[in-house]
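Understanding the architecture of this molecule
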Amino acid sequence: MISVQNLGFTYPGATAPTLTNLGFEIGKGEVYGLLGPSGAGKSTTQKILMGLLAGFSGTARLFGEDVASLGRAIYERIGVSFELPTLYLRLTARENLALFAALYDRPTKKPEEVLAVVDLQDAADQRVETFSKGMKMRLNLCRALLHDPELLFLDEPTTGQDPARARVTRELILRLKGEGKTIFLTTHNMAEADEVCDRVGFLSGGHIPVTGTPANLKRQFGRRYLAVDARDGDAISRHEFSMEGLGANAEFRTLLEADRIASMHTLEASLDDVFIKATGGGATVGEAQ
Amino acid sequence: MSMTPSTTRATGLTPKRFTTLLAADTRNAGRDPTLIFGIVMSILPTILIPPFRDAINGWARGLFAIPDLVLWASPMLMTLPAILIGWITGFLFLEDRDEATLLAIDITPFGKGAYLQYRTVATILVAFVISVVNGFVFTPHLGPALILFMALLVALFAVSMAFVFPALARNKVEGLALTKVVNLFSIAPLLALVPSLWRYLAAPVPSFWIGELINPASRPGLPLWAILVLGLLTHMALVVWLYRFTLRRAG
C-alpha cells in the first residue's frame, strides 16, 4: 500500500536534511504508527506521501505508483485527518461535511451517517465555532471518512479528547482496520500507538532506527525479569527474579509456596521507554518481528 | 478491489460544485458582521442614490456649482462595490489560509487550484451583475455595449482586489492594514477627470481606465478603442500576476 525507500528531504534554506534514507513498507489493512519527537519529520513524511511536498529524493510509492506521478484523483482513495482542526468555523458540522462531500467524484456517505460514527449527530446543526477542540478533531475525522477511502492518514487523532472519547476514537480505528482500511498514524501518545498499531516505527535523525510490533519492541527493550511484591508481616517487600530458570528459583518458589505474593508483573519496557531509547540515540538499529 | 489512480478522474469545477461552494461562501460571509457590512455597503449606493439623484444633484449645484454630481462621482460609485466584493472574497481567502481549510481542500480531488478558479469565477459573476445594474443606473449615457464592457473591467478589478489580500497579506491582521492601501484604488478613476494628458500618469492603475471610459470624450485623450484595449490589458495583467502570486503563497 505504501512503500518508502531511501527517502530524503531538505527544506529550502535549511542547513540539515529533515529526512535521510528513510524507508518503510505498509501493507494493505495494516495500522502503522510513525512515532517520534516534535520536528523529527513525521509531518514532512506525511506531506510527501500525500503529494503536498515535492523536491524529495528516493522513492515514495502509494498504491504501487510513484507519489510524484499521481494525479489529483488519488485523493478519492485517501482520507486525511490533520493534527489541527481545518474546518469552516461559521458553518455547521453538517454544512462543513456537505461542502467537502461536493468535492469528490465518488459517492460519499451522508453527513449524519459519519457524524454518528464519532457520536456528533446531536451537534450536526451546531456551528463549528461553538465546538470544543475534541469535537472539532472528531469532525476532522468525519471528513476523512466521508468518501470511504482505502488509506487514512491520521495525525494525532485523539488530541483534545477526554479519555472516554479517546477510547471511542481508538475503537473506531480498530473497526476501520477490521473493514480492511490501511491506516498511517502519527501520534505522541505511546499508549494509543500500543493499543491500535500493528507496527510502529520510531523516526529519529531523519530515518527510522527502530521498527517492529509494539509487543516485540517492549520485550526487546525491556528486561526479562519478574517483579514480585511479597507480604512481609504488615510490610510489602519488592523482589526481582530473572525469567531464566524462574521455575527452579528457590527464593521465588518459597514466596509462592508460602502464599506471600501480593502482586507480580514482568518488567518489559513500555512503548514510552522504547520511544525514549529509540529517539534518544540509545537504540540498536534493526527490526523486532 | 484494484483501482489504479488513473482510472478515476476528477472533474474540477462543475456547475453543481460551483453552486454548492457559492452557497457555502454566502452562508459563511453572511454569518460574519464585518463581511455583512461589506455586502450591504456594496449594494447600498445602487439602492439609495437613484431615488434621490435629483435632490443630490440640486444640492451639489447650489453649493459647488457642479451640474451633475452623481455622474462625476460615477467612477467611484462603479469601483467601490468592486473593491468591497474583492475585499470580502480576499478575506475569505485569508481565513481559508489561516484556518487551513485551503489545505483540507488541497487533499480532495478538487484541489486548491480549482478552488481559486471557483473564487475567481464567483467574484467576476457577482461583480459583473452588480456593475451592469450600476452601469445602467449611474452611467446610462454609455449605452448597453459600453456598459457591458465596463462591467467586465469592474469585475476583473474586483478579482484583482480579491487576490491582493492573499497575495500580499500573511494573515487577517495584515489584511486589515492592507485594506487602507487598497482603498486608494477607488480614487484612481477620479484622476481620469483631470482635463490634461498628465492624467495618463495613472494609466498603470487598472481602475483609472474605468474612469477614462465613463467620462465624456470632450477633452484631449486617447480614442475609445485604445481606452478599451488598454483597460482590458492592464486589468488582465494585474489579475494574472496576482493569481499566480496567490497560488504560490497558498502553498
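Scroll up to find the structure.
This text gives an overview of the structure that appears in the document. These numbers were taken from a predicted model, which means no experiment stands behind them. (Residues numbered from 1 in each chain as written. Chains lettered and ligands numbered in written order. Predicted model: local features only at pLDDT ≥ 70, side-chain atom pairs only at ≥ 80, totals over all residues. Heavy atoms only, no water.)

**Remarks on the packing of helix 3 (residues 69-98) of chain B against helix 6 (residues 144-168) of chain B**
Residue and element names in this part refer to chain B. Quick note on the threshold: As a rule, the C-alpha atoms of each element are fitted with a line to give its axis, helices using only the stretch in contact, and angles between N-to-C directions run from 0 to 180 degrees. For helices the rule is a DSSP run of H or I covering at least 4 residues; for strands it is a run of E covering at least 2, with both sets numbered from the N terminus onward. Two helices cross in a left-handed way if the nearer one is turned anticlockwise from the farther one by less than a right angle. They cross in a right-handed way if the turn is clockwise. Contacts are residue-level and defined by heavy atoms, with any inter-residue pair within 4.5 Å sufficient. Side-chain classes are defined by residue name, with Ala, Val, Leu, Ile, Met, Phe, Trp, Tyr, Cys and Pro counting as nonpolar, Asp, Glu, Lys and Arg as charged, and the others, Gly among them, as polar.
Direction vectors running N to C along helix 3 and helix 6 enclose 35°, while the axes themselves pass 7 Å from each other. Pair helix 3 / helix 6 crosses with right-handed handedness. The residues of helix 6 that touch helix 3, namely those facing M78, T79, A82, I83, G86, W87, T89, G90, F91, F93, L94 and R97, are M150, V154, F157, A158, M161, A162, F163, F165 and P166. Across the contact of helix 3 with helix 6, the residue classes tally to 16 nonpolar, four polar and one charged.

**Examining the sheet that holds strand 2 (residues 19-26) of chain A**
Residues and elements named next belong to chain A. What counts here: Two strands qualify as a pair provided that DSSP identifies no fewer than 2 bridges between them.
If you trace the four strands from one edge of the open sheet to the other, you get 2-1-4-5, paired in antiparallel fashion. Only two strands of the sheet have a single neighbouring strand rather than two, namely strand 2 and strand 5 (65-66). In terms of strand pairing, strand 1 (residues 2-9) meets strand 4 (residues 57-62) through five bridges, oriented antiparallel. Directly across from S3, in strand 4, lies its bridge partner R61. The strands that helix 1 (residues 42-49) touches are strand 1, strand 2 and strand 4; relative to strand 2, the one it contacts most, it runs at about 65°.

**A look at the interface of chain B and chain A**
Interfaces are often described in size by the accessible area the parts lose on coming together. Stated formally: Throughout, buried area stands for the accessible area (probe radius 1.4 Å) lost by two parts on being put together, summed over both. For salt bridges, the criterion is a side-chain nitrogen of Lys or Arg within 4 Å of an Asp or Glu carboxyl oxygen. Polar contact is defined as a pair of N or O atoms within 3.5 Å, subject to the rule that within protein one atom must be able to donate a hydrogen and the other to accept it, and that residues adjacent in sequence are counted only when both atoms are side-chain atoms.
Every contact between the two is made by 33 residues of chain B and, on the other side, 32 residues of chain A. Of the roughly 3000 Å² buried where chain B meets chain A, counting both sides, 61% is carbon and sulfur surface. Here E95(B) and R90(A) are joined by a salt bridge, their closest N and O atoms 2.8 Å apart. Inspection of the chain B/chain A interface yields 13 residue pairs in polar contact (both at pLDDT 80 or more). Breaking the side of chain B that touches chain A down by element, the ones donating at least two residues are helix 1 (15-30), helix 3, helix 4 (101-106) and helix 5 (111-138) of chain B. Here the side of chain B that touches chain A takes six residues from helix 1 of chain B, the largest share from any one element. Class assignment of the residues belonging to the side of chain B that touches chain A gives a composition of 16 nonpolar, eight polar and nine charged.

**Concerning the pattern of salt bridges**
Short version of the rule: Exposure is judged per residue with a 1.4 Å probe applied to protein chains only, and the accessible area is read against the type maximum: over 50% gives exposed, under 20% gives buried, and values in between give partly exposed.
Per the stated rule, a full pass over the model turns up 31 salt bridges over all chains. E112(A) is the salt-bridge partner of R94(A), the closest N and O atoms lying 3.3 Å from each other. Taken together, the positions of R94(A) in helix 2 (residues 93-101) and E112(A) in helix 3 (residues 111-117) put the pair 18 residues apart, joining distant regions of the chain. What makes E112(A) partly exposed here is its relative accessible area of 39%. One salt bridge in this structure joins D105(A) and R17(B), with 2.6 Å as the shortest N-O distance. With D105(A) in the loop between helix 2 and helix 3 and R17(B) in helix 1, this residue pair bridges two chains. Residue D105(A) is classed as partly exposed on the basis of its relative accessible area of 30%. Through salt bridges with shared partners, a single network forms among R90(A), D32(B), E95(B) and K172(B).

**Quick look at the packing of aromatic side chains**
Spelled out, the test is: The criterion for an aromatic pair is that two Phe, Tyr or Trp rings (for Trp, the six-membered ring) have centres within 6.5 Å, with stacked assigned to planes under 30 degrees apart, edge-to-face to planes over 60 apart and tilted to the rest. Working rule: Lys NZ or Arg CZ, within 6 Å of ring centre, within 35 degrees of ring normal, means a charge sits over the ring.
What the rule picks out here adds up to 19 aromatic pairs over all chains. With a centroid separation of 5.8 Å and 75° between ring planes, the pair formed by Y200(B) and F208(B) is classed as edge-to-face. By way of ring pairs, the aromatic residues F24(A), Y32(A), F153(A) and F184(A) are connected into one cluster. Here R77(A) stacks its cationic end above the ring of F63(A), 3.8 Å away from the centre of that ring. The ring of F93(B) has R119(B) sitting right over it, with the charged end atom 5.2 Å from the ring centre.

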